[in-house]
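One letter stands for each residue in the lines below.
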Amino acid sequence: AVITGIASAAALNFTVADANGNSMPTGTKVQVTGDVSNSLGALFSCTIQTNSSFAIANTLAPTRMSSAFACDPGDTLTVKVTSPLGVTTSQSFIVP
């Protein structure tokens, strides 16, 4: 999987595609998590508020998603993609 995106102060906008720029197989699982180990703020938590877990629908185009979160600058957001065959790809983004 190819995971591209950008994190703002309150949302992570990202796209999930296969190596050829097409959709991942139907049923591919996507999970978004947050980590506070490098936090620069005072929340001491990083909560994904929307779209923390979903499955890729039957489509030909790459899947574009947005996940809202409550995190501090420096926190890490990770998108983990698992294909139906169990192949896993992860990409991390730092909250600005």
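In this report, we go over the structure that sits alongside the text. What you are looking at is a predicted structure, and each value in this text was computed from that prediction instead of being measured.

A closer look at the nonpolar core
Formed by 20 residues in total, the largest nonpolar core has its most connected members in Leu-12, Phe-14, Val-30, Phe-69, Leu-77, Val-79 and Val-81. Looking at this core, the elements that each hand over two or more residues are β1 (2-7), β2 (11-17), β3 (29-35), β6 (63-70) and β7 (76-82). Leave out the neighbours within four places in its chain, and Val-79 touches Ile-3, Leu-12, Phe-14, Val-30, Gln-31, Val-32, Thr-89, Ser-90, Gln-91 and Phe-93.

As for the sheet that holds strand β8 (residues 88-94)
Taken together, the four strands give an open sheet; going across it, the order is β5-β3-β7-β8, and neighbouring strands pair in antiparallel fashion. A single partner strand is all that each edge strand has here, and the edge strands are β5 (53-55) and β8. Ignoring strand direction, the axes of neighbouring strands in this sheet form an average angle of 15°. The sheet contact formed by β3 and β5 spans three bridges and is antiparallel. Each residue of the ladder has a partner; that of Val-30, found in β5, is Phe-54.

Considerations on the sheet that holds β1
Sheet architecture is open: four strands sit in the order β1-β2-β6-β4, paired in antiparallel fashion. In the strand order of this sheet, the two ends are held by β1 and β4 (47-48), each with one partner. The sheet contact formed by β2 and β6 spans six bridges and is antiparallel. Opposite Val-16, over in β6, you have Thr-63 as the bridge partner.

Observations concerning the state of the cysteines
In this structure the tally under the stated criterion is one disulfide. Here Cys-46 engages in a disulfide with Cys-71; their sulfurs sit 1.9 Å apart. Between Cys-46 and Cys-71, the disulfide has an S-S torsion of 80° and is therefore right-handed. Pair noted here: Cys-46 is in the loop between β3 and β4 and Cys-71 is in the loop between β6 and β7, with a separation of 25 residues, a long-range link. The exposure class of Cys-71 is buried, given its relative accessible area of 10%.

What counts and how
- Residues numbered from 1 in each chain as written.
- Predicted model: local features only at pLDDT ≥ 70, side-chain atom pairs only at ≥ 80, totals over all residues.
- Heavy atoms only, no water.
- Core = buried A, V, L, I, M, F, W, Y, C linked by side-chain atoms within 4.5 Å.
- Buried < 20%, exposed > 50% of the residue type's maximum accessible area, 1.4 Å probe, protein only.
- Helix = DSSP H or I, 4+ residues; strand = E, 2+ residues; numbered from the N terminus.
- Contact = heavy atoms within 4.5 Å.
- Pairing = 2+ DSSP bridges.
- Axes fitted to C-alpha atoms, helices over the stretch in contact; angles between N-to-C directions.
- Disulfide = S-S within 2.5 Å.

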